[in-house]
Amino acid sequence: MRIVCVGGGPAGLYFGLLMKKLHPEHAITVVERNQPYDTFGWGVVFSDATMAAMRIWDPESAAEIETAFNHWDDIEVWFKGTRQRTTGHGFVGIGRKQLLNILQRRCMRLDVELAFNQDAGGDLDFPEADLVVASDGLNSKIRNRYAGVFQPDLVVRPNRYIWLGTKKLYDAFTFDFRRTEHGWFQAHIYRFDAETSTFIVETTEEAYIAHGLDRLDQRDSIKFCQELFAEVLGGAPLLSNARHLRGSAWLNFTRLICGKWSHFNGESHVVLMGDAAHTAHFAIGSGTKLALDDAIELARQFEAHGHRREKIPEVLADYEEVRRVDVARIQNAARNAMEWFEVVGRRYADQLEPEQFMYSMLTRSQRISHENLRLRDKNWLEGYERWFARRAGLAVAEDERCVSPMFTPFTVRGVTLPNRIIVSPMAMYSAKDGLIGDFHFVHLGARAMGGAGLVFAEMTCVSPDARITPGCLGLWNEAQAAQWRRLVDYVHDNSAAKVGVQLGHAGRKGSTKVAWEGIDQPLEEGGWPLISASALPYLTQGPIPRAMDRSDRERVTADFVRATELAASTGADWLELHCAHGYLLSSFLSPLTNRREDEYGGGHQNRARYPLEVFRAIRAVWPVDKPISVRLSCHDWTEGGNTPDDAAIFASLFKAAGADLIDCSSGQVWKGEKPVYGRLFQTPFSDKIRNEIGVATIAVGAISEADHANSILAAGRADLCAIARPHLADPSWTLHEAAKIGLTSIGWPKQYYAAKGQYETNLARAAAGK
Ligand SMILES: Cc1cc2nc3c(=O)[nH]c(=O)nc-3n(C[C@H](O)[C@H](O)[C@H](O)COP(=O)(O)OP(=O)(O)OC[C@H]3O[C@@H](n4cnc5c(N)ncnc54)[C@H](O)[C@@H]3O)c2cc1C
Ligand SMILES: Cc1cc2nc3c(=O)[nH]c(=O)nc-3n(C[C@H](O)[C@H](O)[C@H](O)COP(=O)(O)O)c2cc1C
C-alpha cells in the first residue's frame with residue numbers, strides 16, 4: 001500500500017515506522033511542514049502502560065526512548081508557604097524534540113520517506129495514496145476540510161497557559177500555587193532531560209486580563225512569570241521556544257471530540273490520528289500517549305485484518321471502535337483534572353488548608369482514589385488520615401493506624417454522628433395511614449445496627465394529601481409520632497446511630513400508585529387533588545395541579561410546622577427539608593415548573609421565597625441544638641432548568657436562613673430529563689457548593705464503596721456521604737466496607753460480635769487468594 005502521514009508529530013512518525021517495520025513493502029511517506037529538528041515545546045510525560053506497549057511493538061525505538069527518559073516518583077506542592085511531598089507516582093518524561101528525533105531516525109533507518117519543509121494542502125495532494133493519515137495536529141486542515149463528516153466538537157477552555165522551560169532541575173513533579181492581587185496562578189513543573197525542565201504557567205482569563213498579560217509580548221510575560229515564581233525558580237530564568245507564536249504566547253486549551261474518525265475521499269481512505277482526532281488537557285499529560293496509542297492500534301488492526309487496500313474500511317472501523325473507548329476514558333479524567341485547575345483559585349486555594357489542598361490536588365482526576373494513594377505512599381496517606389481524624393476531634397497516636405475519614409465523627413450543633421455515612425432516605429411505600437409499621441422497624445432497625453452514623457427514614461409527608469402514594473410515611477398525628485418514638489428509642493438503645501426525619505410534600509407528583517404498581521402513575525381511585533408552584537402536570541397526560549395560592553401556602557406551612565413539632569417530640573436527632581426531585585418545594589425552585597408571575601416566581605430570590613418561608617417556620621420550632629439539612633436537586637438535567645450554578649445560589653440562601661447542610665442530589669424534576677450517570681456523578685455538585693458557598697454538604701449518588709466515600713470526604717468534596725441503593729442490598733454496608741478496607745477497629749453490635757472475626761478472616765483470605 002501507499003501510505004502518507006500528513007504531519008510528523010509523534011502520531012505520524014510512530015505510525016509510519018510501525019507500518020514499515022511490520023510490512024516493508026508498503027511505501028510510506030511522512031510529510032512535515034517544519035524542519036527535522038525544529039519543533040516547539042519542552043518535555044512530555046507518559047505512562048508506564050504506553051511504554052510497555054511500545055517495547056512490544058518496536059523495541060528499538062523504545063530502548064532509545066527509555067535511555068533518554070527522566071523518571072521520577074515524587075510530587076511536590078508549594079502552597080501558602082508550605083512544601084509537601086508524596087512519593088510512588090511514577091512518571092517518565094522526555095523532551096518533545098528528543099522524542100521526535102528518535103522517531104525520525106528510526107523512520108529513516110526503516111526507509112520511511114520523511115518529507116520535511118512541505119506544507120501539505122490536504123489529503124487531495126496525495127491522490128495515489130491508499131491511506132492518508134491526518135496526523136496534522138489540533139488544527140488539522142484535513143479534518144477541517146471534511147468537518148461535515150468528522151463532526152469535530154471543539155470547546156475552547158477558559159484558562160490561559162504559557163508553555164515555558166527553565167534550566168533549573170527539579171527532582172519531583174512540582175506544582176507551585178501563587179496568589180496575586182488579581183487571583184491565583186499555578187506552575188506545573190517537571191524535569192525532562194539532564195539540563196531542562198518544563199514550566200507551564202496557568203491562570204484564569206480574569207487574572208490574565210487584570211494583569212494586562214494580553215497586552216504584553218512574550219519577553220514581558222516571561223518576566224512577569226519569573227517574578228511571580230521567583231522562589232521556586234531560585235533565580236533561574238524562564239525560557240521560551242515558541243518563537244513562531246505571535247503576541248503574548250498565552251494559549252487556551254481546546255478540547256476536541258470527533259463524531260467520526262475516517263472518510264473515503266474518492267481516491268484514498270483518510271483517517272484521523274492523535275491531536276487531529278482528540279485532545280486531552282496537559283493537566284494529566286496524556287496527549288502524546290494518546291497519539292502513540294492510536295498509532296499502535298491502527299497498526300494492530302492491519303496486522304489483524306491484513307495489510308491490503310481492500311481491508312482498509314474494516315481496519316479503520318475497528319480502529320475507531322477500540323480507540324474511542326480508551327480516548328473517552330482519558331478525556332474524562334483529563335476533564336476532571338483540567339476543571340480542577342480552572343476552579344482552584346475560587347474553590348480550593350483560599351478555602352482548604354495545605355494538607356487537604358494537597359489531597360484534593362492529588363485526586364483531581366478522580367482516577368486516583370484513597371486506597372490507590374495508600375498503595376502509592378502509605379506513610380503519607382496514613383499521616384493525612386491522622387491529620388483528618390485529629391481535625392474531627394479524635395485523639396490519635398503518631399504511630400497507630402487511625403480510622404479512615406468516613407469513620408471520623410461529625411458534629412453539627414449539638415449532634416455528633418459517630419461516623420460520616422448516612423442511610424439515604426428511600427421511599428418504601430409500605431406504610432398504612434402514614435404509620436411506621438413492622439416493616440419499618442425491621443428495615444430501619446437493621447440499617448441502624450449495620451453501622452451507619454445517621455439513618456434517614458423515607459420522605460415523611462406532612463399531611464395525607466402531601467403523600468406520593470397511599471403507602472408513604474406521614475407525620476400529621478400523634479399516633480404516627482408514637483410509632484416514630486418507638487423507632488427512635490430502639491435505634492438509640494441498640495446502636496450508635498442517629499435518626500433523621502426527612503419532611504416533604506409530594507406536590508404535583510402526588511396521588512400515584514406505589515412504585516411496583518407503576519412508578520409516577522396516577523391512582524385510579526382514592527386519589528386526591530394536587531397542588532404545585534404552577535398548574536403544570538408532571539406527566540403530559542397526568543392530572544393538572546392547582547397553582548398554590550396564599551391560603552394553600554399558609555396551610556402547607558402550618559402542616560410542615562406541625563410535622564416538625566411532632567418530629568421533635570419523638571426525640572429524632574436530625575431534620576431534612578426535602579426541596580428536591582420535583583416535589584412541592586422543588587417545584588418552586590425550578591424555572592421549568594415555576595412559571596409564576598407573582599413574587600414567588602421569576603428570579604432566584606423569588607423562586608426560593610416559599611421554600612425559605614417553610615424552612616424558617618420549621619427552624620423556629622425545631623430544637624436549636626439539632627440540625628436541619630436541605631435536599632436540593634442541583635441539576636435539572638434539562639435545557640432551561642436549574643444547573644449547579646443555580647443550586648449554589650439556592651444553597652447560599654438556605655445557608656443564610658440557617659440551614660446546617662445542603663444534601664446535594666439532582667434530577668427527577670422534569671420527565672424528559674437527560675441525566676449523565678456515572679460513579680459519584682453528583683459529587684461535583686457537593687464539591688462546588690461546599691467550597692464555593694462555604695456550607696457543609698452531603699454527597700449522594702452512585703457512591704458504592706468505602707474507597708469512594710473516603711476519597712470524597714478526605715478531599716473535602718463533602719462532609720457526609722449518603723448511601724441509598726447499596727443499603728438496600730446490604731443493611732450492614734458500613735460494617736462490611738470497614739472490614740473490606742482492613743479496618744478491624746470498628747465495633748459490631750454485641751449480639752453479632754461472634755461473626756466479626758470470621759467475616760474479616762474470610763475477606764483477608766479472599767484478598768490473599770487474588
Ligand atoms: C502546554 C502543553 C503541554 C503538553 N504536555 C504534554 C505532556 O506532558 N504529555 C503529553 O503526552 N502531551 C502533552 N501535550 C500534548 C502533546 O503535545 C500532543 O498531544 C501531541 O504532540 C500530539 O501528537 P500529534 O502527533 O497528534 O500532533 P502534533 O504533535 O501536534 O504534530 C502534528 C504535526 O503536524 C504538522 N503539520 C500540521 N499541519 C501540517 C501540514 N498541513 N503539512 C505538514 N505538516 C503539518 C505540525 O507541524 C506538527 O509537527 C502538551 C501540549 C501542550 C500544548
Ligand atoms: C427506592 C428508592 C426510594 C427513594 N426515596 C427517596 C426519598 O424518599 N427521598 C429522597 O430524598 N430520595 C429518595 N431516593 C433517592 C436516594 O435517597 C438517593 O439520593 C439516590 O438513590 C442516589 O443514591 P444511590 O446511588 O446511593 O442509590 C430514593 C431512592 C431509591 C432507590
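Residues numbered from 1 in each chain as written. Chains lettered and ligands numbered in written order. Predicted model: local features only at pLDDT ≥ 70, side-chain atom pairs only at ≥ 80, totals over all residues. Heavy atoms only, no water.

Colleague: Would you mind going over the sheet that holds strand S2 (residues 27–31) with me for this structure?
Modeller: Whether parallel or antiparallel, the strands of a sheet pair through hydrogen bonds between backbone atoms. If you trace the six strands from one edge of the open sheet to the other, you get S8-S2-S1-S9-S17-S16, paired in mixed fashion. Strands with a single pairing partner mark the edges of an open sheet, and in this sheet they are strand S8 (113–115) and strand S16 (262–264). For this sheet, the mean angle separating the axes of adjacent strands, direction not counted, is 20 degrees. In the packing of helix H11 (residues 312–349) onto the sheet, the strands contacted are strand S9 (131–134), S16 and strand S17 (269–272), and the crossing angle to S17 comes to about 15 degrees. (Pairing = 2+ DSSP bridges. Helix = DSSP H or I, 4+ residues; strand = E, 2+ residues; numbered from the N terminus. Axes fitted to C-alpha atoms, helices over the stretch in contact; angles between N-to-C directions. Contact = heavy atoms within 4.5 Å.)

Colleague: Help me understand the nonpolar core in this model?
Modeller: For soluble globular proteins, nonpolar side chains are generally found buried alongside one another. Among the nonpolar cores identified, the biggest contains 202 residues, and Phe15 and Phe177 are the most heavily contacted of them. Among the elements that take part in this core, H11 stands out by supplying 15 residues, more than any other. Beyond its immediate stretch of four places on either side in the chain, Phe15 contacts Ile3, Cys5, Leu131, Val133, Met273, Ala295, Leu298, Ala299 and Phe302. Grouped together as the second largest cluster of nonpolar side chains are 22 residues, Phe199, Ala207, Val232 and Ala249 included. (Core = buried A, V, L, I, M, F, W, Y, C linked by side-chain atoms within 4.5 Å. Buried < 20%, exposed > 50% of the residue type's maximum accessible area, 1.4 Å probe, protein only.)

Colleague: Help me out: how do you make sense of the site of ligand 2 in this one?
Modeller: Close contacts around ligand 2 come from 16 residues, with Ser424, Pro425, Ala427, Ala702 and Arg725 the closest. Contacts to ligand 2 include Arg631, whose side-chain N or O atom sits 2.9 Å from an oxygen atom. Each residue belonging to the shell around ligand 2 can be placed in one class, and the counts come to nine nonpolar, five polar and two charged. (Near = heavy atom within 4 Å. Polar contact = N/O pair within 3.5 Å; in protein donor to acceptor, adjacent residues only side chain to side chain. Nonpolar A, V, L, I, M, F, W, Y, C, P; charged D, E, K, R; others polar.)

Colleague: Please clarify how the environment of Asp636 should be interpreted in this entry.
Modeller: Along the chain, Asp636 turns up in the loop between strand S27 (628–633) and helix H21 (644–656). Looking at Asp636, the relative accessible area reads 1%, which means it is buried. For the pair Asp636 and Gly694, spaced 58 residues apart in sequence, the C-alpha separation works out to 23 Å. Residues contacting Asp636, with those up to four places away along its chain left out, are Ser590, Pro591, Leu592, Gly641, Asn642, Val669 and Glu673.

Colleague: Help me out: how do you make sense of the layout of surface pockets in this one?
Modeller: Any space left empty among the atoms is revealed by the rolling of a water-sized probe across them. In this model, the second largest pocket occupies a volume close to 1,400 Å³. Along the wall of the second largest pocket there are 46 residues; nearest its centre are Arg335, Asn336, Glu339, Gln366 and Pro684. Where the lining of the second largest pocket is concerned, the elements lending two or more residues are strand S10 (152–166), strand S12 (183–191), helix H7 (205–210), H11, H21 and helix H22 (683–693). Ranked by the residues each element gives to the lining of the second largest pocket, the list is headed by H11, at 15 residues. In terms of residue class, the lining of the second largest pocket is built from 16 nonpolar, 14 polar and 16 charged. (1 Å grid on protein atoms, 1.4 Å probe; cavity = no way out; pocket = protein on both sides within 12 Å on 5 of 7 lines; lining within 4 Å. Points joined across faces, edges and corners; volume = space filled by probe spheres on them.)

Colleague: Looking at this structure, I do not really get the packing of aromatic side chains. What am I missing?
Modeller: Each aromatic ring pair is specified by the distance between its two centres and by the angle formed by the two planes. One pass over the structure, following the stated rule, counts 35 aromatic pairs. Residues Phe79 and Phe177 carry aromatic rings whose centres are separated by 6.2 Å and whose planes lie at 85 degrees to one another, so their mutual orientation is edge-to-face. Of this pair, Phe79 sits in strand S5 (residues 75–79) while Phe177 sits in strand S11 (residues 173–180); the two residues are 98 residues apart in sequence, bridging distant segments of the chain. Accessibility classification places Phe79 together with Phe177 in one group, the buried group. Plain terms: the ring middles of Phe91 and Phe173 are 5.1 Å apart, the flat faces sit at 50 degrees to each other, and that makes the pair tilted. Placement of Phe91 in strand S7 (residues 91–95) and of Phe173 in strand S11 is noted, with a sequence separation of 82 residues between them. The class for Phe173 is buried, based on a relative accessible area of 8%. (Phe/Tyr/Trp six-rings, centres within 6.5 Å; stacked < 30°, edge-to-face > 60°.)

Colleague: In this structure, what is going on with the site of ligand 1? I would like to understand it.
Modeller: Around ligand 1, 32 residues are found, and the nearest of them are Ala11, Glu32, Arg96, Asp275 and Thr288. Here an oxygen atom of ligand 1 sits 3.2 Å away from a polar atom, N or O, in the main chain of Pro10. Within the backbone of Ala120, a nitrogen or oxygen atom sits 3.0 Å from a nitrogen atom of ligand 1. Its free accessible area being 990 Å², ligand 1 has 90% of it covered by the protein chains. (Areas by Shrake-Rupley, 256 points an atom, 1.4 Å probe, with all protein chains shown as cover.)

Colleague: I would appreciate a short explanation of the pairing of strand S3 (residues 43–46) in the present structure.
Modeller: Two faces, one strand: in a regular strand the side chains alternate between the faces of the sheet. Every second residue of S3 is oriented toward a common face, with Gly43 and Val45 on one face and Val44 and Phe46 on the other, all of them buried. Where S3 and S7 come together, four bridges link them in antiparallel fashion. Bridged to Gly43 within S7 is Gly95.

Colleague: Honestly, the environment of Thr697 in this entry has me stumped. Any pointers?
Modeller: With respect to the secondary-structure elements, Thr697 resides in strand S29 (residues 696–700). Spatially, the C-alpha atoms of Thr697 and Arg178 are 28 Å apart, while their sequence positions differ by 519 residues. Among the polar contacts listed, one links the side chain of Thr697 to the side chain of Ser686, at a separation of 2.9 Å.

Colleague: Please explain empty space enclosed by the protein as it appears in this structure.
Modeller: Across all of its chains, the model carries six cavities of 30 Å³ or more by this definition. Considered as a void within the structure, the largest cavity measures approximately 70 Å³ in volume. Here the lining of the largest cavity is composed, by residue class, of four nonpolar, three polar and three charged.

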